[in-house]
Amino acid sequence: MIFNKRSQMAATHKRPATLAELRNGEEGILDRLDLPDDIARRLMELGFLPGNAIIPARTAPGGGARVFRVDGSEIALRDDTAARLFMRLHFPSIKAATP
Amino acid sequence: MSNCHDSGPRKGLLPNPTIPVPHAAVNERPLIVAIIGPPNSGKSTLFNRLTGLRQKVANFPGVTVEHRMGKAKLKNRQEVFLVDLPGVYSLHPRSEDEQVANDILKGVRPGFAKPDAVVLILDVTNLGRHLVLAAPVLSLGLPTLVVLNMADDLAVRGGKVDVAALSHELGAPVVLVSASKGTGVDRIQQFLSGTAANLAGAKPARVELPVLNDVPKCRQWASKLNTRASYRAPAPPIWTRRLDSVFLHPVFGPLVFAAVVVAVFQSIFSWAQPIMDGMTYAVSMSGQWMGMVLPNGVVRSLVVNGVWAGVGSVLVFLPQILLLFLFIGVLEDSGYMARAALIADRTMAKFGLQGKSFIPLLSAYACAVPAVMATRVIENKRDRIATIMIAPLMTCSARLPVYTLIIAAFVPNIPLVRGVLSLPAATMLLLYVLGFAAAVITARLLKSTVLKSQRSSFILEMPPYRLPTLQSLSLRLIDRGRVFLRRAGTVILTVSIVLWILANLPLSHGKMPEIENSYAGMVGKTIEPAIKPLGFNWKIGIGLITSLAAREVIVGTLGTIYGIESDGNSEGLQKALHADLTPAGAVALLVFFAFAMQCFSTIAVVRRETGGWKWPIFQFSYMLALAYGGSLVAYRVANLFFQ
């Protein structure tokens, strides 16, 4: 158990996870958006603001995009866009995933 | 958070220096009120509630962004003009729709009067995010009513909000309503009549607003207000999640998607049949009645064989077209369309497009004109042009009359797959697939050559599922019905009359000529060598020429041609067609209509939307070449089968 937890911690410490790396149902806190200004602005208007919690809800049939729960609504993004949203480093064991 | 002096209310912004008093207001120009809100906040439902049938769709001056205007009738016979603006997330324009909403609210769009007041509509089940829009709207200083919509949803899902406290914080009146159920709408009417009576008194109070350019600051401001108004967000929409676990399921999702598409096509073909039979009967009976009432001669020939044969044969297709629009309306209003776009995104990406292109492409099944306008949601210019280029290849409802006629005449009604599908329905479906295939291949070609661009982004909100309201569906149908009838009454009527004249001149020995010797016949004969390889004779040729104006005109044209030939006692159009088309020729004709761009309206809208003649000319030539080549091949191949 302990070993398991440590390795998980080590894994999250090594590199900053992006939204694309978050599993479905797992919560993450957004840190920054590495996207062109206009797209970043629209995402922020939709709730993708640094400090907000985001949960990937489901994968689109066939893949390529996912639906994210953020700020009270569900927004679909392609995986390559999600890969430009960097998450805050945190320990998954501390964060309780919201149902 | 406090840096707001340039955005606070200013006296100079208020229009109309004379303050109308209640009884004088009758003679003043009616109050103009803009309805604004984020997408999916229920703007249109509210607009429909307030205006009912007193509304029309129009374009904003100078651009092709569609909007609706309507009159709201209030107590004591007051009238207020309502303008339904495009849905926006902020007043920081990113697309053309948002630019228009922004310009109109600020009163800088030429040719459009600045609104006197604003109704801001927000989804109360997601007030945290939606309230952000209140900041830029209130900063305009116009009399503003904040409408919190979806009150019924909020209550059912256990949320709450203190309306009075929120109103105090915003310095503007706030009402909680359910636009779909109609509860609280009287309060909006009260605001409208109160504002009409005393415009200056309805000005919002000066409140502290955040810096509008700073999204995080604006969002914090909204959170603060939510807290002060003791807002409790409702529980997540359980039914939406349950439905999504089916509709977006890796296996069932695509199956449902396919089932929806098949159901739409099967039903517009088979369910509409009895209604269409009724219409056909009504048209032919009224034609006979007119034939009996009118005195024998030129007038009777013009009315019965020219006008009624042409217009009537197109009118028959009204039920089928309305049914198609009904389906698209249900898909859009229920929220399924966003899911369909998500399912389609991966496939669209393969052709260099994105999921948002799917929405205009699906509406192109109804009509390419609104579809071309709907491409405005696509932010990337090259993606947008590619979508415009392929939209007319989608099987629009104007092709339905042509397909229906030819299929009914040439395809036997044999049940397939144990009666789930019939051979005519399957043929129809195949034509839809053909158009779609041509569209995606064209998109792929364009996106890997002239319209090459970086992979674009796809950002789409999945709104909660909602039951479409009867009112908004019926208003849609009435609207589309009007457009179709107007076309039948203008384009098709004109073409029918011109054709009748051309078909009856020159007079030989003072008598009307046989159609073969008429001007129309001469034109048909002139182009016959060019279309002979496709299996078409000169009569079909006349139809091809007249259908350049609009596809469905060919049905009316053939109606007129055969009407003239057999002088009113025509056997059915279907039977008549057998004399002029071989089965292989019928296949070629179907393929020709699947590919050719025969629609003046589409050409005009493409020119406007792409800002020049370059793209529409390219599109027309490309599609004509595709149509000619396609039907040539189809004719040759079909001949191998039918001989």
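Within every chain, residues take consecutive numbers counted from 1 along the sequence as written. In the order they appear in the text, chains get letters beginning with A and ligands get numbers beginning with 1. With the structure being a predicted model, the display of local features is reserved for residues of pLDDT at least 70 and the display and counting of side-chain atom pairs for 80 or more, all residues being used for whole-chain, interface and lining totals. In computing side-chain properties, one takes all heavy atoms of the structure into account and sets aside hydrogens as well as water.

Novice: Just to check I follow, could you spell out the overall build of chain A for this structure?
Specialist: Check the secondary structure of chain A and you find three helices and five strands. Numbering of helices and strands runs from the N terminus; a helix is a DSSP stretch of H or I covering at least four residues, while a strand is a stretch of E covering at least two. Ordered by position from N to C terminus, the α and β elements of chain A give α-β-α-β-β-β-α-β. Within chain A, the fraction of its 99 residues that count as buried is 46%. Working rule for contacts: check all heavy atoms of both residues, and any pair within 4.5 Å makes them a contact. Across chain A, every contact between residues at least 6 apart in sequence was considered, and the portion connecting residues at least 24 apart equals 61%. With residues, only the protein chains shown are counted as cover, and all accessible areas are computed by Shrake-Rupley using a 1.4 Å probe. When the accessible surface of chain A is totalled, it reaches about 5000 Å², and 57% of it is carbon and sulfur. With a 1.4 Å probe rolled over the protein chains alone, any residue whose accessible area is under 20% of its type maximum counts as buried; one over 50% counts as exposed, and the rest are partly exposed.

Novice: Before we go on, may I ask you to explain the confidence of the model for chain A in this structure?
Specialist: Keep in mind that low pLDDT regions are not for reading the predicted coordinates in detail. Residues and elements named next belong to chain A. Known as pLDDT, the predictor's per-residue confidence is scaled from 0 to 100. Scored by pLDDT, chain A comes out at a mean of 79, with 74% of its residues at no less than 70. Looking at the elements of chain A, mean pLDDT is at its lowest for helix H1 (residues 2-14), recorded as 47, and at its highest for strand E3 (residues 65-70), recorded as 94. Within the model, pLDDT remains below 50 along residues 93-99, and this stretch shows nine contacts once partners closer than five positions in the same chain are excluded.

Novice: Please clarify how the sheet that holds strand E4 (residues 73-78) of chain A should be interpreted in this entry.
Specialist: The strands making up a sheet are joined through hydrogen bonds of the backbone, oriented either antiparallel or parallel. What the six strands build is an open sheet, ordered E5(A)-E1(A)-E2(A)-E3(A)-E4(A)-E10(B); its pairing is antiparallel. The sheet is open, and its two borders are formed by strand E5 (85-87) of chain A together with strand E10 (459-462) of chain B, each paired with just one other strand. With strand direction ignored, the average angle separating the axes of adjacent strands in the sheet is 45°. Of the strand pairs in this sheet, E4(A) and E10(B) are connected by four bridges, and their pairing is antiparallel. Paired strands, as defined in this entry, are two strands with at least two bridges between them according to DSSP. To define axes, lines are fitted to C-alpha atoms, for helices over the stretch in contact only, and angles between the resulting N-to-C directions are given on a 0 to 180 degree scale.

Novice: What exactly am I supposed to notice about empty space enclosed by the protein here?
Specialist: The gaps of empty space that remain are located by a probe, the size of a water molecule, rolled over the atoms. Cavity means a closed set of points on a 1 Å grid over the protein atoms alone, one where a 1.4 Å probe fits but cannot get out, pocket means an open set with protein on both sides within 12 Å along at least 5 of 7 lines, and lining means a residue has an atom within 4 Å of a point. Grid points are joined across faces, edges and corners, and a volume is the space filled by probe spheres set on the points. Summed over the entire model, instances satisfying the criterion amount to five cavities of 30 Å³ or more. In this model, the largest cavity occupies a volume close to 170 Å³. Considering each element in turn, the lining of the largest cavity owes the most residues, five residues, to helix H10 (residues 252-270) of chain B. Gly counts as polar in this scheme, as do all residues outside two lists: the nonpolar Ala, Val, Leu, Ile, Met, Phe, Trp, Tyr, Cys and Pro, and the charged Asp, Glu, Lys and Arg. Grouping the constituent residues of the lining of the largest cavity by class yields 15 nonpolar, no polar and no charged. Volume-wise, the second largest cavity comes out at about 70 Å³. Lining the second largest cavity are Glu45(A), Pro38(B), Tyr89(B), Arg129(B), His130(B), Val132(B) and Leu133(B).

Novice: Explanation requested: helix H7 (residues 185-197) of chain B in the structure shown.
Specialist: Along an α-helix, residues three or four apart share an orientation, since each turn contains 3.6 residues. Under the 1.5 Å per step criterion, the end-to-end length of H7(B) is 19 Å for 13 residues, consistent within 8% with the ideal 18 Å. Those residues of H7(B) not exposed but buried are Val185(B), Ile188(B), Phe191(B), Leu192(B), Thr195(B), Ala196(B) and Ala197(B). To estimate how far a helix should extend, the number of its residues minus one is multiplied by 1.5 Å.

Novice: When you look at the packing of helix H18 (residues 399-410) of chain B against helix H24 (residues 573-580) of chain B in this model, what are you seeing that I'm missing?
Specialist: Packed helix pairs are specified by the crossing angle of their axes together with the interaxial distance, meaning the distance between the axes. Residues and elements named next belong to chain B. As a packed pair, H18 and H24 sit with axes 9 Å apart at the nearest point and diverge in direction by 75°. Judged on the interaxial angle alone, H24 and H18 are roughly perpendicular. Contact residues: H18 offers Leu405, Ala408, Ala409 and Phe410, while H24 offers Leu573, Gln574, Leu577 and His578. Any angle that falls under 35 degrees is termed roughly parallel, while one over 145 is termed roughly antiparallel, one within 65 to 115 roughly perpendicular, and all others oblique.

Novice: Is there a simple way to explain a nonpolar patch on the surface in this structure?
Specialist: All names here are of chain B. Residues Val498, Ile501, Leu502, Leu505, Leu507, Tyr519 and Met522 make up a contiguous nonpolar surface patch of about 570 Å² in total accessible area. Within the residue set of the nonpolar patch, elements represented by two or more residues are helix H20 (470-504) and helix H21 (519-531). The element contributing the most residues to the nonpolar patch is H20, with three residues. Note on placement: Tyr519 falls in helix H21. The partly exposed category is assigned to Tyr519, whose relative accessible area is 38%. Here the term patch refers to residues with relative accessible area over 30% and no salt bridge, with like charges joined within 9 Å and nonpolar side chains (Val, Leu, Ile, Met, Phe, Trp, Tyr) within 5 Å. Salt bridges, as used here, are contacts in which a Lys or Arg side-chain nitrogen is within 4 Å of a carboxyl oxygen on Asp or Glu.

Novice: Where do I start with the packing of aromatic side chains in this structure?
Specialist: The geometry of an aromatic ring pair comes down to the distance between the two centres and the angle between the two planes. Pairing of aromatic rings covers Phe, Tyr and Trp, the last counted by its six-membered ring, and requires centre-to-centre distances within 6.5 Å; plane angles under 30 degrees mean stacked, over 60 mean edge-to-face, and any other angle means tilted. In this structure the tally under the stated criterion is six aromatic pairs over all chains. Ring centres of Phe592(B) and Phe593(B) lie 6.4 Å apart, and the angle between their planes is 70°; this geometry places the pair in the edge-to-face category. For Phe592(B), a relative accessible area of 8% gives the class buried. Both rings, one in Trp615(B) and one in Phe618(B), keep their centres 5.7 Å apart while their planes meet at 90°; by these two values the pair is edge-to-face. Of the two residues, Trp615(B) and Phe618(B) are both situated in helix H27 (residues 614-642); the distance of three residues between them amounts to about one turn of the helix. For Trp615(B), a relative accessible area of 13% translates into the label buried. According to the relative accessible area criterion, Phe618(B) is partly exposed, its value standing at 37%. Here the aromatic residues Phe247(B), Tyr336(B) and Tyr465(B) are joined through ring pairs into a cluster of three or more. Directly above the ring of Phe86(A) sits Arg32(A), whose terminal nitrogen or CZ lies 4.3 Å from the centroid. Here, a charge over a ring means that NZ of Lys or CZ of Arg falls within 6 Å of the ring centre while also lying within 35 degrees of the ring normal. The ring of Trp239(B) carries Arg242(B) above its face, with NZ or CZ at 4.9 Å from the centroid.

Novice: Help me out: how do you make sense of the pattern of salt bridges in this one?
Specialist: Side-chain pairs of opposite charge can arise where the charged atoms are in close proximity. On inspection of all chains with the given rule, the structure shows 23 salt bridges over all chains. For Glu74(A), the salt bridge goes to Arg241(B), with nearest N and O atoms at 3.6 Å. With Glu74(A) in strand E4 and Arg241(B) in helix H9 (residues 238-247), this residue pair bridges two chains. Put simply, Glu332(B) and Arg476(B) hold a salt bridge, and the shortest N to O gap is 2.9 Å. Here Glu332(B) is found in helix H13 (residues 318-334), whereas its partner Arg476(B) is found in helix H20, with 144 residues between them in sequence. One salt-bridge network, held together by shared partners, links Asp123(B), Asp153(B), Arg157(B) and Arg466(B).

Novice: When you look at the environment of Ile603(B) in this model, what are you seeing that I'm missing?
Specialist: Residue and element names in this part refer to chain B. Secondary-structure assignment places Ile603 in helix H26 (residues 600-610). Its relative accessible area of 17% is what places Ile603 among the buried residues. Residues Ile603 and Gln619, spaced 16 residues apart in sequence, show a C-alpha to C-alpha distance of 8.7 Å. Ignoring anything within four residues of it in the chain, the contact list for Ile603 reads Met597, Trp613, Pro616 and Phe620.

Novice: Would you explain the interface of chain B and chain A in this entry?
Specialist: In this assembly, 35 residues from chain B lie in contact with 31 residues from chain A. Buried surface at the junction of chain B and chain A, summed over both partners, amounts to about 3000 Å²; 53% is from carbon and sulfur atoms. Applying the counting rule to chain B against chain A returns three salt bridges. As used in this structure description, the phrase polar contact means that two N or O atoms lie within 3.5 Å; if the pair is within protein, one of them must be able to donate a hydrogen and the other to accept it, and residues adjacent in sequence are counted only when both atoms belong to side chains. On the surface where chain B and chain A come into contact, there are nine residue pairs in polar contact (both at pLDDT 80 or more). Contributing elements (two or more residues each) for the side of chain B that touches chain A: helix H8 (215-228), H9, helix H14 (336-350) and E10 of chain B. For the side of chain B that touches chain A, the leading source of residues is H14(B), giving five residues. Joining two parts hides part of their accessible area as seen by a 1.4 Å probe, and the buried area is that hidden amount summed over both.

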